[in-house]
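Inside the fold
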Amino acid sequence: MSGLSLEIAPGKVTGFLGPNGAGKSTTMRMITGLDAPSAGSATIGGRPYTAIRHPLREVGALLDARAAHPGRTARAHLLGLARSNGIAADRVAEVLELAGLTAVAGRRVGSFSLGMSQRLGIAAALIGDPAVLLFDEPVNGLDPDGVRWIRDLVRSLAAEGRTVLLSSHLMSEMQETADHLVVLGRGHLIADAPFGEVIGRSSLNAIRVRSPHAELLHRHLLGLGMAVESKEAEEIIVTGGSPAEIGDLAFRHGIPLHELSPRRATLEEAYMELTADSVEYGKREGI
Amino acid sequence: MKGALAFEWTKLWTVRSTPWSLFAAALLTAGVAAVVGVSAQASAENGFDTARPAPHTVADALTLGQLAVVVTATLAVTGEYASGSIRTTLHSVPARGRMLIGKAAVVTGVLGAAGLCLSAIGTASAAPLMGETGSFTAADAVGSALGTAAYLAGLALLATGLGTVLRSAAGTITAMIMLLMAVPQLTQIAGIDWLETVGDFLPSAAGVVLMTQDTDPYGTGPAALVLAAWGLAALTGGYVTLRRRDA
């Protein structure tokens, strides 16, 4: 990790993206004091994690589903956590219910599937009703129901005004969930911007234009500095302009338009473009 | 600190290894104490002077029984590393010192209490078989019970500290067996004076003094200090490791 400076805002889901080994998990481990940064600091509300007296009441973290003793029951695991931070024991039943684990609360964690372990990890993260939540790959091992459950949970946690940092490899999942994106590549920050802006900067945002005079329109668009690609005789793909600009231009020159359809890049496309850059050029700050 | 203690207490009693290890320690102590008692009685009948207070047989019985106790303390630490639950633990109690002191205090307290019970169990097992040979006073029984408690508490500190340094059950238990059983033998058989003196300051030697209220090579006060020094050294090593190595 180097030169990474981030502030995660409350009330939003911040998506944390990057190739394997980019430093996502390491960043989250540093925030919670498991790893010490060689220089710099990670603070929560201005304090290092290790200085917080009852950290579970302020920061909930799911960093690794397999972080419970296999011989302990789910209920005992959560009860220990509650006692460690002076949280009422009633809260254990609440988070078990929330995570859909009530029926298996008395089973040993070692017999849990990966999906159940993820749910237990989320129950543990929520036990102190914290304002800050860190979820590292929470949907790993979950069935479609579980994936949907996580998505709704994460959205509602942010809607309650909490700060949520979520990492995932699943772009489609991130597209559904994140408001803000932080993209890491090789320990460097590649992007830190609202979701719409990251997508908007992609060169893959394009407008398809169909016109019987496509060639004429092509020349006028080039004159305005837009990038134009000819597809078929009557079809061109325009990037770097808005539908309004193209429509107005066509109107001024009396060119009939048969189609003017913007196509937004998907998160996956925008992400691939961003991280390809990071691999190709190495260090690159911002976007 | 209250939270850290409650947390460690809950964790210690919600895994099966704790009651099973303590149960094994009780069985071993009762069994070996009985054998030692029978043997002392038989020797006495053959004219040897083997008279000793029955509570002192616990010191012999624990040469084996202490291993089950060491396992309890070791697993309380290394089980966390093996399962990955150490990360959850450090999320909950991120101050390394507080976490370690909480764990050491709970494990030491529980094993100290176990020492009282094991002393009573060993005495109850050996005394009826020894008859006159094992006659003892209330002071013998109380002194021996407190000594056993102190010895096992010392072992608990030692195993907790060492387990935090080594992070593996196999490594910690091997090191403890070396220290408690192999090294004491080696210091005795070599017949070298200074090595025997070193042997006097091993935890097991201090333990025998405490459990039998002996005055050789030193009394119970110095013995308690020797054990405490071993325990604190291991715990300090554990603290330094926790601070320096990523979890």
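Refer to the structure printed above.
Nothing here was measured: the structure is a model prediction, and the numbers come from that model.

Structural notes on the environment of threonine 26 of chain A
All names here are of chain A. Turning to its location among the elements, threonine 26 is positioned in helix H1 (residues 24-31). Taking the relative accessible area as the measure of exposure, threonine 26 reaches 31% and is therefore partly exposed. A C-alpha to C-alpha distance of 27 Å links threonine 26 and valine 95, two positions 69 residues apart in sequence.

Comments concerning helix H5 (residues 144-159) of chain A
Residue and element names in this part refer to chain A. In this model, H5 (16 residues) spans 23 Å end to end at C-alpha, consistent with the 22 Å of a helix rising 1.5 Å per residue. Considered for burial, the residues of H5 that qualify are Gly146, Val147, Trp149, Ile150, Leu153, Val154, Leu157 and Ala158. Down the axis, H5 shows its buried residues gathered within 160° of arc, on one side only. H5 presents Pro144, Asp145, Arg148 and Ala159 as exposed residues on the side facing more than 90 degrees away from its buried surface. On the buried face of H5, the contacting elements are strand S1 (13-17), helix H3 (90-98), helix H4 (114-126), strand S5 (132-136), strand S6 (163-167) and helix H6 (171-177). Backbone geometry just downstream of H5 places glycine 161 in the positive-phi region, at approximately 95°.

Topic: the pattern of salt bridges
Residues and elements named next belong to chain A. Scanning the entire structure with this criterion turns up 18 salt bridges over all chains. With a closest N to O distance of 3.2 Å, glutamate 173 and arginine 151 form a salt bridge. Residue glutamate 173 is found in helix H6, and its partner arginine 151 is found in helix H5; the two are separated by 22 residues along the sequence. Glutamate 173 sits in the buried class, given a relative accessible area of 8%.

As for the sheet that holds strand S12 (residues 259-263) of chain A
Residue and element names in this part refer to chain A. Pairing in this open sheet of 4 strands is antiparallel, and the strands run S10-S11-S9-S12 from one edge to the other. At either end of the open sheet lies a strand with only one pairing partner, and these are strand S10 (227-232) and S12. Adjacent strand axes in the sheet meet at a mean angle of 20°, parallel and antiparallel pairs treated alike. Sheet analysis places strand S9 (residues 206-210) next to S12, joined by 5 bridges and oriented antiparallel. Bridge pairing in S12 links valine 209 to leucine 260. Along the sheet, helix H8 (residues 214-223) makes contact with S9, S10 and strand S11 (235-239), crossing S11 at roughly 15°. Against the sheet, helix H9 (residues 243-252) engages S9, S11 and S12, with an angle of about 165° to S12.

Brief notes about empty space enclosed by the protein
Here the structure, examined in full by the defined rule, presents 5 cavities of 30 Å³ or more. Estimates place the volume of the largest cavity at around 210 Å³. Listing elements by their share of the lining of the largest cavity, those giving two or more residues are strand S4 (59-62), helix H2 (74-84) and H4 of chain A together with helix H4 (85-92) of chain B. Here the residues of the lining of the largest cavity sort into 11 nonpolar, 7 polar and 2 charged. Considering only enclosed or pocket space, the second largest cavity measures out at about 60 Å³ in volume. Lining the second largest cavity are Arg72, Ala76, His77, Gly80 and Leu81 of chain A together with Phe7, Lys11, Ser85, Thr88 and Thr89 of chain B. The set of elements that each furnish at least two residues to the lining of the second largest cavity consists of H2 of chain A together with helix H1 (2-13) and H4 of chain B. Ranked by the residues each element gives to the lining of the second largest cavity, the list is headed by H2 of chain A, at 4 residues.

Procedures and definitions
Residues numbered from 1 in each chain as written. Chains lettered and ligands numbered in written order. Predicted model: local features only at pLDDT ≥ 70, side-chain atom pairs only at ≥ 80, totals over all residues. Heavy atoms only, no water. Helix = DSSP H or I, 4+ residues; strand = E, 2+ residues; numbered from the N terminus. Buried < 20%, exposed > 50% of the residue type's maximum accessible area, 1.4 Å probe, protein only. Expected span 1.5 Å × (residues − 1). Arc of directions from axis to C-beta. Contact = heavy atoms within 4.5 Å. Salt bridge = Lys/Arg side-chain N within 4 Å of Asp/Glu carboxyl O. Pairing = 2+ DSSP bridges. Axes fitted to C-alpha atoms, helices over the stretch in contact; angles between N-to-C directions. 1 Å grid on protein atoms, 1.4 Å probe; cavity = no way out; pocket = protein on both sides within 12 Å on 5 of 7 lines; lining within 4 Å. Points joined across faces, edges and corners; volume = space filled by probe spheres on them. Nonpolar A, V, L, I, M, F, W, Y, C, P; charged D, E, K, R; others polar.

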